[in-house]
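Examination of the molecular architecture
For reference, the chains in residue letters:
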Amino acid sequence: MQWLLMLPAAVLLSGCGLDITNDATTTEAQSPSVTEPTVHIAGAAVKGVIQQGLVVANRLIADNQGNYAPQRQAAKPVRTAEDGSYEWQLRGKAEGWALVELSADSSTRMICDVVPQCDQAGSAPVAFGQPMALDSDFRLRGAGDLSMETVNLTPLTHLAVALAERSGNGLSPGALAGAYTTVEEWFGLPAGALRLTPPDLSRLDAMTSVSADAIQVAIANAAFLALVNSDTRWSSISDVLNNLTAQVSAAGQISVVGDATNIALADLVSAAALQASELQATTDSSIISQKLAVVESRNVQRFKTIADVNTDSTTGTVGAIETTQPPVTETAPAETIPADAALLSWTAPLTRENGDSLAMGEIAGFEVVYGASADTLDQSIAIGDASVDQLLVDGLTQGTWYFAIRTLDTAGNRSRLSEVVYKQI
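What counts, and where the lines are drawn
Every chain is numbered independently, its residues counted from 1 as its sequence is written. The predicted origin of the model limits local features to residues at a pLDDT of at least 70 and limits the giving and counting of side-chain atom pairs to 80 or more, whereas totals for whole chains, interfaces and linings rest on all residues. The side-chain quantities take in all heavy atoms of the structure and omit both hydrogens and water. Comment: elements are numbered from the N terminus, with helices defined as DSSP H or I runs of at least four residues and strands as E runs of at least two. Think of it in three bands: residues with accessible area under 20% of the maximum for their type are buried, residues over 50% are exposed, and the middle band is partly exposed, with areas taken using a 1.4 Å probe on protein chains only. Only the protein chains shown count as cover for residues, and the accessible areas themselves come from Shrake-Rupley with a 1.4 Å probe. How far a helix is expected to stretch is found by multiplying one less than its residue total by 1.5 Å. Contact definition: two residues touch when any of their heavy atoms are within 4.5 Å. We call a set of buried Ala, Val, Leu, Ile, Met, Phe, Trp, Tyr and Cys residues a nonpolar core when their side-chain atoms join them within 4.5 Å. Each aromatic pair joins two rings of Phe, Tyr and Trp (for Trp, the six-membered one) with centres within 6.5 Å, and gets the label stacked for planes under 30 degrees apart, edge-to-face for over 60, and tilted for any other angle. Any Lys NZ or Arg CZ that is within 6 Å of a ring centre and within 35 degrees of that ring's normal is treated as a charge sitting over the ring. Every case where a carboxyl oxygen of Asp or Glu lies within 4 Å of a side-chain nitrogen of Lys or Arg is listed as a salt bridge. Only when DSSP finds a minimum of two bridges between them are two strands counted as paired. Orientation is described by axes fitted as lines to C-alpha atoms, over the contacting stretch for helices, and by angles from 0 to 180 degrees between their N-to-C directions.

Looking only at helices and strands, the protein features six helices and 22 strands. Buried residues in the protein amount to 49% of all 425 residues. For the protein, the accessible surface area stands at approximately 18100 Å², while carbon and sulfur atoms represent 48% of it.

Its 15 residues give helix α4 (residues 237–251) an end-to-end C-alpha distance of 21 Å, which sits within 8% of 21 Å, the value for a rise of 1.5 Å per residue. Where α4 is concerned, the buried positions are Ile237, Ser238, Val240, Leu241, Asn243, Leu244, Thr245, Gln247 and Val248. Elements in contact with the buried residues of α4: β14 (139–145), α1 (155–164), α2 (173–186), α3 (212–230) and α5 (265–282). Where α4 ends, the next residue or the one after it, glycine 252, has phi of about 75°, a positive value.

Ile41, Tyr86, Phe138, Leu156, Phe187, Ile219 and Phe224 are the most contacted members of the largest nonpolar core, which totals 87 residues. Contacts of isoleucine 41, omitting those with residues within four sequence positions, involve Ala57, Tyr86, Glu87, Trp88, Leu90, Ala98, Val100, Leu146, Glu149 and Val151.

What follows deals with unusual backbone geometry. Proline 116 follows valine 115 through a cis peptide bond whose omega is 5°. Inspection of the secondary structure puts proline 116 in the loop between β10 (109–111) and β11 (117–118).

Quick look at the packing of aromatic side chains now. By the definition in use, this model includes five aromatic pairs. Seen in terms of ring centroids, tyrosine 370 and phenylalanine 403 are 5.7 Å apart; in terms of plane orientation they differ by 25°. Their pairing is stacked. Of the two residues, tyrosine 370 is situated in strand β18 (residues 363–371) and phenylalanine 403 in strand β21 (residues 400–409); the sequence distance between them amounts to 33 residues. What links up through ring pairs into an aromatic cluster is the set Tyr370, Trp401 and Phe403. The ring of tyrosine 180 has arginine 195 lying over it, and the distance from NZ or CZ to the ring centre is 4.2 Å.

Further remarks concern the pattern of salt bridges. The final tally for this structure, using the stated rule, is ten salt bridges. As a salt-bridge pair, arginine 352 and aspartate 409 come within 3.1 Å of each other at their nearest N and O atoms. Of this pair, arginine 352 sits in the loop between β17 (342–345) and β18 while aspartate 409 sits in strand β21, and the two are 57 residues apart along the sequence. Like aspartate 409, arginine 352 is buried. Residues joined by salt bridges that share partners form a network here, namely Arg352, Glu362 and Asp409.

Here the focus is the sheet that holds strand β19 (residues 379–383). Read from one edge of the open sheet, four strands run β19-β18-β21-β22, paired in antiparallel fashion. The outermost strands of the open sheet, each flanked by one partner alone, are β19 and β22 (421–424). The sheet shows a mean angle of 25° between the axes of neighbouring strands, taken without regard to direction.

With that settled, the discussion passes to α2. Given a rise of 1.5 Å per residue, 14 residues ought to cover 20 Å, and the 20 Å separating the end C-alpha atoms of α2 matches this to within 8%. What α2 keeps buried is the set Ala175, Leu176, Ala179, Tyr180, Val183, Glu184 and Trp186. Looking one or two residues past α2, glycine 188 carries a phi angle of roughly 65°, positive in sign.

Following this line, the structure appears as structure tokens:
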């Protein structure tokens, strides 16, 4: 049985792609005449980072009945670079949408983005951060408005394209935009997240400006390969993608809780929560570790929503802030909350201690403090995101652990600590 602790927050006191060959005889679609307008498309292929993948882009054109399909050109693919990036040019103005497709051959490699290793049937395990071969069936697709010029290729965009294809008008702009939004909602991602370029999870310590949202997208994509490690039904990442794509194409959705045949959305979200937790142990940067903790708590919450875990609650007050505190006998899926962890939850304050109102835009974040004694809360985790209301603290040793939280505002003020709650590990 896992326990959910509710903490009230106290009020404030005051790339460039490479062509496959160096042939001079490049096709007309890839090398337009200098007098004809062209649109430049760029993006990245990440599941983890895909190197030397084969990329082709085509405009999506409507026929007389308004059905959209790619306008195939006899153009040579370009190779993705070492960071997964690619570049492509299409004839014509920067208007309409394009479909971008990636395939693999014997030269294509993918960086393992699963901790501690990536498994594929018939091959030796590949360590986290090392390149691994992809089978010839591997495919990724993505689509985008040419006025935006960026089209990333990930498992999530691949599912969005499959969902859009069910539209009566084919791959129309409206169907694609709606499908991208739907896939974001499936995985609990913020609006527009599929347009973010996912970072290389094996190199997070080298990144200084990566957002928690981008990390969350990367970890959601990593979950697809993590399922190969944990389920003998899937021998490769292509098996996982093909199963999920078939579900989306047939039913317009992914099975919520799964069965003996299909992958469930709950499986992917649970795997994402676990990967966020595992990555924290590989990261030296405290800033990145905090963002990983945010991603983990988001996935834990998403899992609970998917699993429809309903809880009773009792109402209590601290100062002038009313909060909801579930009983400590609250249960949650064992897959999402390890035995050595505590899931903390809180409600952001609405007023300052002097009674003045406090807007969400004035809250800079929170600081969770904890320790093995109520009088010695000597460990802390800073959360620089006012929208976060949960945190999973793991790696706790056996014994009783005590927790409290304070609020930080944008002017640098800090609240007093909330009341202390505890959990027995």
